[in-house]
Amino acid sequence: DVKVTQSSRYLVKRTGEKVFLECVQDMDHENMFWYRQDPGLGLRLIYFSYDVKMKEKGDIPEGYSVSREKKERFSLILESASTNQTSMYLCASSFAGTGYNEQFFGPGTRLTVL
Amino acid sequence: DAKTTQPTSMDCAEGRAANLPCNHSTISGNEYVYWYRQIHSQGPQYIIHGLKNNETNEMASLIITEDRKSSTLILPHATLRDTAVYYCIVRERDDKIIFGKGTRLHILP
């Protein structure tokens, strides 16, 4: 089974702190994704990556950056956390290619910024 | 904007078939229809996908209309553990998938 793990289930940070959210997948997937989920807004794509050292902006990249130095690991960085970044953050991965590839999701990290 | 329209919520009695509709009237020829669900406090879980033909797996069935403008996810014998938000998604270029607000399915005992 595909396993996508995230470094923390719950995280509390203060405004202005630099925050790292880590995601690791063990199925040699080329694609990795970061989403945030907020009540009433569904899941929104922040960034995604098709390959090592490659990244592309999603729908809401402002205030975030990402790093993919190894194929299995995709990090989301909040350079200076703000209260409006309090949210559930979900990582996902999938195989490359066309058509019907599934995205497998991690359990999520609930981040609170005070 | 999401390319799909789903009802906000639905109820279904335990043991009955749950039929979740999805409208995707602007779907293009190469786009697939995916269904995911998200149980409270968990990440989304893949259920099923299809292009033109109806599909069935151990979790559900997917019925796609001939014109592909709508589809229905069927959970044949709903249980309380099927209570979740169900997302109907049409796949855009490459792997970018836009999640809408989904349908909150309540299974009633």
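Residues numbered from 1 in each chain as written. Chains lettered and ligands numbered in written order. Predicted model: local features only at pLDDT ≥ 70, side-chain atom pairs only at ≥ 80, totals over all residues. Heavy atoms only, no water.

## A look at the overall build of chain B
Applicable threshold: Going along the chain from the N terminus, every DSSP run of H or I of four or more residues is numbered as a helix, and every run of E of two or more is numbered as a strand. In this treatment the radius of gyration is a C-alpha quantity, and the globule benchmark scales as 2.2 Å times the residue count to the 0.38 power. Burial status follows relative accessibility: with a 1.4 Å probe on protein chains alone, a residue under 20% of its type maximum counts as buried, one over 50% as exposed, and anything between as partly exposed. Any two residues whose heavy atoms approach within 4.5 Å at even a single point are treated as in contact. Accessible areas in this description were obtained via Shrake-Rupley with a 1.4 Å probe; residue shielding takes into account the shown protein chains only. Neither His nor the chain ends is counted toward charge; the positive residues are Lys and Arg and the negative residues Asp and Glu. Throughout, a charge is located at the NZ atom of Lys, the CZ atom of Arg, the CG atom of Asp or the CD atom of Glu.
Counting its regular elements, chain B contains zero helices and nine strands. Its C-alpha radius of gyration of 13 Å places chain B within 12% of the 13 Å reference for a compact globule of 109 residues. A principal-axis box enclosing the C-alpha atoms of chain B has dimensions of 40 × 30 × 20 Å. Here chain B holds 109 residues, and 47% of them are scored as buried. Excluding contacts between residues fewer than 6 apart, the proportion of contacts in chain B whose partners are at least 24 apart in sequence is 54%. Surface accessibility of chain B: about 5600 Å² in total, with carbon and sulfur atoms responsible for 46%. One finds the centroid of the 12 positive side-chain charges in chain B at a distance of 3 Å from the centroid of its 12 negative side-chain charges.

## Observations regarding the packing of aromatic side chains
Operational definition: Only Phe, Tyr and Trp rings take part, Trp by its six-membered ring, and two of them pair if their centres are within 6.5 Å. Stacked means planes under 30 degrees apart, edge-to-face means over 60, and tilted covers everything else.
All chains considered together, the criterion is met by seven aromatic pairs over all chains. On the basis of an interplanar angle of 40 degrees and a centroid distance of 5.6 Å, the ring pair of Tyr35(A) and Phe105(A) is categorised as tilted. Of this pair, Tyr35(A) sits in strand S4 (residues 31-38) while Phe105(A) sits in strand S10 (residues 104-105), and the two are 70 residues apart along the sequence. For Phe105(A), a relative accessible area of 12% translates into the label buried. Summarising the aromatic geometry, the rings of Tyr36(B) and Tyr46(B) are spaced 5.9 Å apart at their centres and angled 80 degrees between planes, so their arrangement reads as edge-to-face.

## A closer look at the state of the cysteines
As used here, a disulfide is simply a covalent bond connecting the sulfur atoms of two cysteines. This is how the line gets drawn: Put simply, a disulfide is two cysteine sulfurs that come within 2.5 Å.
A complete count under the given rule lists two disulfides over all chains for this structure. Each sulfur in the disulfide pair Cys23(A) and Cys91(A) lies 1.8 Å from the other. Disulfide Cys23(A)-Cys91(A): the torsion about the S-S bond is -75 degrees, which places it as left-handed. On the criterion of sequence distance, the pair formed by Cys23(A) in strand S3 (residues 19-25) and Cys91(A) in strand S9 (residues 87-94) is long-range, its members being 68 residues apart. Like Cys23(A), the residue Cys91(A) is buried in the burial classification. Disulfide pairing is shown between Cys22(B) and Cys88(B); the S-S distance is 2.0 Å.

## Structural notes on the sheet that holds strand S1 (residues 9-13) of chain B
Residue and element names in this part refer to chain B. Operational definition: One bridge is not enough; two strands pair if DSSP finds at least two bridges between them. Lines fitted to C-alpha atoms define the axes here, with helix axes fitted over just the stretch in contact, and angles between the N-to-C directions of these axes take values from 0 to 180 degrees.
Overall, mixed pairing links the five strands, which are arranged S1-S9-S8-S3-S4 in an open sheet. Only two strands of the sheet have a single partner each, and these edge strands are S1 and strand S4 (45-50). Strand-to-strand twist of the sheet, defined as the mean angle between neighbouring strand axes without regard to direction, takes the value 25 degrees.

## Digging into the layout of surface pockets
So the rule is basically this: Grid points spaced at 1 Å over the protein atoms alone were grouped into cavities, where a 1.4 Å probe fits but cannot get out, and pockets, open sets with protein on both sides within 12 Å along at least five of seven lines, with lining residues defined by an atom within 4 Å of a point. Grid points are joined across faces, edges and corners, and a volume is the space filled by probe spheres set on the points.
When its volume is computed, the largest pocket comes out at roughly 660 Å³. Together, 31 residues line the largest pocket, and Gln37(A), Gln38(B), Val85(B), Tyr87(B) and Arg104(B) are the ones closest to its centre. When contributions to the lining of the largest pocket are tallied by element, the ones reaching two or more residues are S4 and S9 of chain A together with strand S8 (84-90) and strand S9 (103-108) of chain B.

## Re the nonpolar core
If you look at soluble globular proteins, the nonpolar side chains tend to sit buried side by side. Quick note on the threshold: Side-chain atoms within 4.5 Å are what join buried Ala, Val, Leu, Ile, Met, Phe, Trp, Tyr and Cys residues into a set we call a nonpolar core.
With 21 residues, the main nonpolar core has Trp35(B), Leu73(B), Tyr86(B) and Leu105(B) as its most contacted residues. Put simply, the parts of the chain that give this core at least two residues each are strand S2 (18-23), strand S3 (33-38), S4, strand S6 (61-64), strand S7 (70-75), S8 and S9 of chain B. Broken down by element, the residue count for this core peaks at four residues, all from S8(B). Formed by 20 residues, the second largest nonpolar core is a distinct cluster that contains Val19(A), Ala81(A), Leu111(A) and Val113(A).

## Considerations on the side chain of Ser71(B)
Residues and elements named next belong to chain B. Put simply, the test is: What qualifies as a polar contact is a pair of N or O atoms within 3.5 Å, subject to a donor-acceptor requirement within protein and to the restriction that residues adjacent in sequence count only when both atoms come from side chains.
The topology assignment puts serine 71 in strand S7. For serine 71, a relative accessible area of 3% translates into the label buried. A polar contact of 2.9 Å, which involves the side chain of serine 71, links it to the side chain of histidine 24. Not counting chain neighbours up to four residues away, the residues in contact with serine 71 comprise Leu20, Pro21, Cys22, His24, Val33, Trp35, Leu62, Ile63, Ile64 and Cys88.

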